[in-house]
Amino acid sequence: DQPDGYALAQGIRALCDNGGAQSLSRAAILLESQTPEQCLLSGKQMMLSYQQILEAALKEMDYPLARRMFTDLLSKGFIPSKSILLSITHALERSNLRRESATKIEDLALADKQRFSFLVFAIDSVQQRNLPVEGILYVATISLGAQLGGVPGKISSLMAEVKAARSNARA
């Protein structure tokens, strides 16, 4: 009834490892209930918990939950660690394996668009806080957009042009 930070972190981890929408939703609610003013988790436990939920949500292709958790992380004034940003990329690679086992083409197209949307959202959220964006996150976003074509392809092209222009301006 009265868990300490370690027990809470382990509970979140167990829910994430269990998989499934219901377990992930419960883990998200537990973490969202932790406010900076009343938090049982240490800073390290907090970051690890966000990372675990983000990885699990992306692996399950639950992009709305991933977006909700990334927003919650930022709204509490936390800066996403480099390991969180890298884990987003790795989790999306693992979701590709799950994606390949899906059968409906419409579901795959929707999942790809949601994945692209999440990546653009993550980059935009980090940039709005004047934080550096890992190059691998740019590469993943631009290459996915190019593969999708259409509007995502145009967005990816513009992102690449802006990134190149910024790099040239620094040189």
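Residues numbered from 1 in each chain as written. Predicted model: local features only at pLDDT ≥ 70, side-chain atom pairs only at ≥ 80, totals over all residues. Heavy atoms only, no water.

**Some points on unusual backbone geometry**
- A positive phi angle is found at Met61, which is not glycine, with a value near 60°.
- Within the element layout of this structure, Met61 appears in the loop between α3 (43-59) and α4 (63-75).
- Phi at Asn130 is positive, roughly 55°, even though this residue is not glycine.
- Its place among the elements puts Asn130 in the loop between α6 (105-128) and α7 (135-148). (Helix = DSSP H or I, 4+ residues; strand = E, 2+ residues; numbered from the N terminus.)

**A few points about the packing of aromatic side chains**
- Within this structure, the stated rule accounts for 4 aromatic pairs.
- Ring centres of Phe118 and Phe121 lie 6.1 Å apart, and the angle between their planes is 45°; on these two criteria the pair is classed as tilted. With Phe118 and Phe121 both in helix α6 and 3 residues apart, the pair spans about one turn of that helix.
- A relative accessible area of 2% means that Phe118 is categorised as buried.
- The buried category is assigned to Phe121, whose relative accessible area is 15%. (Phe/Tyr/Trp six-rings, centres within 6.5 Å; stacked < 30°, edge-to-face > 60°. Buried < 20%, exposed > 50% of the residue type's maximum accessible area, 1.4 Å probe, protein only.)

**Focus: the pattern of salt bridges**
- The full count for this structure, using the stated rule, is 4 salt bridges.
- Of the charged contacts in the structure, one is a salt bridge between Arg13 and Asp17, with a shortest N-O distance of 3.9 Å. With Arg13 and Asp17 both in helix α1 (residues 5-18) and 4 residues apart, the pair spans about one turn of that helix.
- In this structure Arg13 comes out as partly exposed when scored by relative accessible area, which is 41%.
- Of the residues examined, Asp17 reaches a relative accessible area of 60% and is grouped as exposed.
- Taking the shortest distance from any N to any O, the salt bridge between Arg68 and Glu32 comes out at 2.7 Å. (Salt bridge = Lys/Arg side-chain N within 4 Å of Asp/Glu carboxyl O.)

**Notes on the state of the cysteines**
- All told, the structure shown has 0 disulfides when counted by the stated rule.
- Unpaired in this structure, Cys16 has its nearest cysteine sulfur neighbour in Cys39, at a distance of 16 Å.
- You can call Cys16 buried: its relative accessible area is 8%.
- According to the relative accessible area criterion, Cys39 is partly exposed, its value standing at 28%. (Disulfide = S-S within 2.5 Å.)

**Observations concerning the nonpolar core**
- Counting 43 residues, the largest nonpolar core has Leu31, Leu58, Met69, Phe70, Ile88 and Phe118 as the members making the most contacts within it.
- Elements that contribute at least two residues to this core include exactly α1, α2 (21-32), α3, α4, α5 (82-100), α6 and α7.
- With 8 residues, the top contributor of residues to this core is α3.
- The residues contacting Ile88, other than those within four sequence positions of it, are Leu58, Phe70, Phe118, Leu119 and Leu137. (Core = buried A, V, L, I, M, F, W, Y, C linked by side-chain atoms within 4.5 Å. Contact = heavy atoms within 4.5 Å.)

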